[in-house]
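Below, each chain spelled out in residue letters.
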Amino acid sequence: MRLPLNPGESIEMFVRMLRLGWEPDGYTYPFVLKACGEIRGNGVVGFCVHGVVVKNGLGDCNVFVCNALVMMYFKSGVLRDARKVFDEMCERGVEDVVSWNSIVAAYVQSGDVKGALRLFERMGRRGEFGVRADAVSLVNVLPACGVGKAWRRGKEVHGYAVRSGLCEDVFVGNAIVDMYAKCELMDEASKVFERMKVKDVVSWNAMVTGYSQVGRFEDALSLFKRMKMEKIDLNVVTWSAVIGAYAQRGLGYEALDVFRQMQLSGSEPNIITLLSLLSGCASVGALLQGKETHCYAMKEILNVSTNDPGDNMMVINGIIDMYAKCKSANIARAIFDSIPLEDRNVVTWTVMIGGYAQHGEANDALQLFSEMLAQNRYVMPNAFTISCALMACARLAALRFGRQIHAYVIRNHFESSTFFVANCLIDMYVKSGDVDTARVIFDNMDNKNSISWTSLMTGYGMHGRGEEAIRVFDGMRRAGMPIDGVTFVVVLYACSHSGMVDQGMNYFHRMERDYSVIPGVEHYACMVDLLGRAGRLNEALNFIKEMPMDPSPIVWVALLSACRLHTNVELGEFAAAELLKLEAENDGSYTLLSNIYANARRWKDVARVRSLMKYSGIRKRPGCSWVQGKKGTATFFVGDKTHPRSHEIYDLLADLIHRITALGYVPDTRFALHDVDDEEKGGLLFEHSEKLALAFGILTSTPGMPIRITKNLRVCGDCHTAITYISKVIDHEVIIRDSSRFHHFKNGSCSCKGYW
DNA sequence: ATAGGGTTAG
């Protein structure tokens, strides 16, 4: 009799057999149990068959039947019952290598790596009873060593494979290579790989992906080249891995080029290829190629109805992420909105929130995050989501919201899950003007990485607490943290904003000598800024002349703003001209130049810059300041009268100006003319956005509490003077974050001490 | 029986 292939029919026939009174034997049961395992999740039928087996007394003596039972329970996801049957066999000492392999595979696949390894060890001790691991055992257990990074056990298995000669088997060899690769022991993996007499495409792929995952991209790519030279049949895994390697390095165009080669070779891309490709496009902002991939993906998704819905969602998430990273948040949002609420998973929400947070739509990010919390039926935020939301808070200096998220983090025990959340919290508190709380979080972290240290150091730098920044740097070195180019940007920035010129110079000279970090253009820009802020403009210029590379726009901007601070018209004109040559001028550099002229009272030149801007179609970004109130954020532009409490605000401001004038404040009219596109409004000094925000802050906050204001541009010079005076007559510390740094105004002085 | 994938920080 030939059994039907369809598992359903198989079971049906078995039932008919029982009804007709036939007694199944030791050959029948394995067939029907296999069928039960194949019908996923149908443990019930399998359980009934188990009952029949027990009734007929076969469960005690027939190893084939028992093995089939173990397999059936394992495939039906009932690990506990599989283990029970297996243990009964062991007690009677009837189990064979297939029984062991089945139970180990069951543990590996259910994710219990440690349990699997324990079982495998016990299997080794059964050797004297004639149970010897075969190729299948090794291929079962090796991935468990890889996943659990249990490389000692992996080495033992490798040794056994060599002694038993099983390593000649290409499957075993591949599994060993992959085990070492997963344990990040690529040199071991390479040794095994090179010694393999028979290699297949899987062996090569395991090596390529291994190198790629430990960041050895050059090695991954040279293997890929060797594959092509040795005419190995590249499959979709190879191509996807190479595309992924390029994408991970941020080389999206190279990834796209490999994709083109793949298409020429006739290999059909699959879902993983698409995901790798999308992340490549996202990393370089290649919108056009991203759209192409989007079209291709839609075709795939529509054609293949058998796709796993989870896989499809991954592709859609990749597409949303790609659009968001290619600065097309609107398209991303349209796709996001088209996904039914119940289908969106946590990544769908996170890529959209993160997309907004990274591209200047931080308000939308927080709005969406709130919506996500409000629908708590389908998904909850994870550490990724929280990090993205905190990034948005940091951009907006949204301290209130940030604190709420901090509370959420504590309630839901996110703080210990990864570095990311805690590091983002540090950054959020720093950028919202509360370094001291950032410090508390830092101190409470069980593990810190270099980003934790640099984030805190950036914080002290931004707040003009240079000495403390340097102490953090010293601590970072003592903790053995890697010191890289970014670390030094932060160190130099901190020196520059605290006027620590000599120390900054010293660090600059030591970075290559003592830390082998070669100064890049960004470090030269920091030095120009450091010297410039301190008024040593000629030294700054010499620094630029002696740079080993061409100065980039940031270098000239640093010089230009130093010229504004110290009113050096000639050098300022020079810097502006250099920016113009690089075609890197923007509204900021025009404003700086116009301010330089205004400082020197050269009004004609001010007018000239203004008409130049009009001519080239560059408009000054309107200055804008905001304060967080209990009822949300209040935003002010110059001369803004749209706020419902506008009258009170202007009255209070007039009163304050009156009072500080008595203390010696003289309005600095040079700044009145700076707002190039607000000339018709008269540019009345006391209508500047930061002053309006301050007045609103005073009106709405409890006496004694600090008032925190954020401005999109640099704070205006007259406002800086006025607020310094105002801090004498009010009962609040005033903390302003502008585009350059923090200013803490208290009792008639500002923490920036002129370095801004 | 072995290989590949999407979201986060300075």
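Counting restarts for each chain: residues are numbered from 1 in the order of the written sequence. Here every chain gets a letter starting at A, and every ligand a number starting at 1, in the order they are written. For this predicted model, a pLDDT threshold of at least 70 governs which residues receive local features, and a threshold of 80 or more governs which side-chain atom pairs are given and counted, while totals over whole chains, interfaces and linings are taken from all residues. By convention in this description, side-chain values take in all heavy atoms of the structure and omit both hydrogens and water.

Rules: UniProt positions are given in the numbering used here, feature names are shortened, and annotations may be inferred rather than shown by experiment.
As recorded in an unreviewed UniProt entry, chain A goes by Pentatricopeptide repeat-containing protein and comes from Heracleum sosnowskyi. UniProt's Sequence similarities (unreviewed entry) comment on chain A is quoted here verbatim: "Belongs to the PPR family. PCMP-H subfamily."

## Topic: the confidence of the model for chain A
To be explicit about the condition: For every residue, the pLDDT score states the predictor's confidence, bounded by 0 at the bottom and 100 at the top. Only heavy atoms matter for contacts: two residues are in contact if any of them lie within 4.5 Å across the pair.
Mean pLDDT over chain A: 88, with 95% of residues reaching 70 or higher. Across residues 674-683, confidence stays below pLDDT 50; counting only partners more than four residues off in sequence or on other chains, it has 17 contacts.

## Observations concerning the UniProt feature "repeat: PPR" (unreviewed entry) in chain A
Spelled out, the test is: Every helix listed is a DSSP run of H or I at least four residues long, and every strand listed is a run of E at least two residues long, numbered separately from the N terminus.
As recorded in UniProt, the feature "repeat: PPR" (unreviewed entry) lies at residues 62-92, 96-130, 169-199, 200-234, 235-269, 345-379 and 449-483. A helix fraction of 74% and a strand fraction of 0% characterise residues 169-199, whose end C-alpha atoms lie 10 Å from each other. Secondary structure across residues 235-269 divides into 77% helix and 0% strand, with the first and last C-alpha atoms of the span separated by 9 Å.

## A short note on the protein's contact with DNA strand B
Quick note on the threshold: Residues are labelled near a given molecule or strand when at least one of their non-hydrogen atoms is within 4 Å of it. In protein, a polar contact means a hydrogen-donor-capable atom and an acceptor-capable atom, both N or O and within 3.5 Å, with residues adjacent in sequence counting only if both atoms are side-chain atoms; elsewhere, any N or O pair within 3.5 Å suffices.
Around DNA strand B there are 44 residues in total, and Asn 174, Asn 205, Asn 270, Asp 311 and Asn 317 lie nearest to it. Expressed as a percentage, the sugar and phosphate content of the atoms of DNA strand B within 4 Å of the protein is 39%. Here Asn 270 contributes a side-chain N or O atom positioned 2.3 Å from a base nitrogen of DNA strand B. Between a phosphate oxygen of DNA strand B and a side-chain N or O atom of Gln 358, the distance comes to 3.1 Å.

## Points about the environment of Ile 660
Spelled out, the test is: The buried label applies to any residue whose accessible area, calculated with a 1.4 Å probe on protein chains only, is under 20% of its type's maximum; exposed applies above 50%, and partly exposed to all values in between.
Of note, Ile 660 is situated in helix H36 (residues 646-662). Residue classification places Ile 660 among the buried residues on the basis of a relative accessible area of 0%. Along the backbone, Ile 660 and Val 517 are 143 residues apart, and their C-alpha atoms lie at a distance of 50 Å.

## Section: the packing of helix H14 (residues 236-248) against helix H15 (residues 252-265)
Two measures define how a pair of helices packs: the angle their axes make with one another and the distance between the axes. The test is simple: To obtain an axis, a line is fitted to C-alpha atoms, over the contacting stretch when the element is a helix, and the angle between two such axes runs from 0 to 180 degrees between their N-to-C directions. Roughly parallel refers to an angle under 35 degrees, roughly antiparallel to one over 145, roughly perpendicular to one between 65 and 115, and oblique to any angle outside these ranges. The handedness criterion is simple: a crossing whose near helix is rotated anticlockwise from the far helix by less than a right angle is left-handed, and one whose near helix is rotated clockwise is right-handed. Amino acids outside the nonpolar list (Ala, Val, Leu, Ile, Met, Phe, Trp, Tyr, Cys, Pro) and the charged list (Asp, Glu, Lys, Arg) are all regarded as polar, and Gly is one of them.
Put simply, H14 and H15 touch, their axes get as near as 8 Å, and they point 165 degrees apart. Judged by the angle between their axes, H14 and H15 are roughly antiparallel. Crossing handedness for the pair H14 and H15: right-handed. Here H14 contributes Val 236, Trp 239, Val 242, Ile 243, Tyr 246 and Ala 247 to the contact with H15, which in turn contributes Glu 254, Ala 255, Val 258, Phe 259, Gln 261, Met 262 and Ser 265. In terms of residue class, the contact of H14 with H15 is built from 10 nonpolar, 2 polar and 1 charged.

## Things to note about the pairing of strand S3 (residues 707-711)
For clarity, the cut-off: Only strands joined by at least two bridges in the DSSP assignment are considered to pair. A clockwise course of the path from the first strand over the helix to the second, judged with the strands pointing away from the viewer, identifies a crossover as right-handed.
S3 sits mainly inside the fold: 4 of its 5 residues count as buried. Relative to S3, strand S1 (residues 624-629) is paired through 3 bridges, and the arrangement is antiparallel. Paired with Trp 626 across the bridge in S3 is Thr 710. Across 4 bridges, the pairing between S3 and strand S4 (residues 734-737) is parallel. Within S4, the position partnered with Thr 710 by the bridge is Arg 737. As a crossover connection, the stretch from S3 through helix H38 (residues 717-729) into S4 is right-handed.

## Let's talk about the pattern of salt bridges
Note that side chains of opposite charge can pair when their charged atoms are close. The condition is simple: We define a salt bridge as a contact between a side-chain nitrogen of Lys or Arg and a carboxyl oxygen of Asp or Glu at a distance within 4 Å.
Inspection of every chain in the model, using the stated rule, returns 35 salt bridges. The partner of Arg 226 in a salt bridge is Glu 230, and the shortest N-O contact between them spans 3.6 Å. The salt bridge partner of Glu 578 is Lys 581, with a shortest N-O separation of 3.1 Å. Taken together, the residues span about one helical turn, with Glu 578 and Lys 581 both in helix H33 (residues 569-581) at a distance of 3 residues. Taking the relative accessible area as the measure of exposure, Glu 578 reaches 15% and is therefore buried. Residues joined in a network through salt bridges with shared partners are Glu 573, Arg 602, Asp 605 and Arg 608.

## A look at the packing of helix H32 (residues 553-565) against H33
Packing of H32 against H33 leaves a shortest axis separation of 9 Å and a crossing angle of 155 degrees. In terms of their interaxial angle, H32 and H33 are classed as roughly antiparallel. Crossing of H32 over H33 shows left-handed handedness. For the pair H32 and H33, contact is made by Pro 553, Trp 556, Val 557, Leu 559, Leu 560 and Cys 563 and by Leu 571, Gly 572, Phe 574, Ala 575, Ala 576, Glu 578 and Leu 579, respectively. The residue makeup of the contact of H32 with H33, split by class, is 11 nonpolar, 1 polar and 1 charged.

## A short note on H32
Keep this limit in mind: To estimate how far a helix should reach, multiply one less than its number of residues by 1.5 Å.
The terminal C-alpha atoms of H32, which comprises 13 residues, lie 18 Å apart, in line with the 18 Å expected from a rise of 1.5 Å per residue. Listing the buried residues of H32 in full gives Val 555, Trp 556, Ala 558, Leu 559, Leu 560, Ser 561, Ala 562, Cys 563 and Arg 564. Thr 567 sits one or two positions beyond H32 and adopts a positive phi of about 50 degrees.

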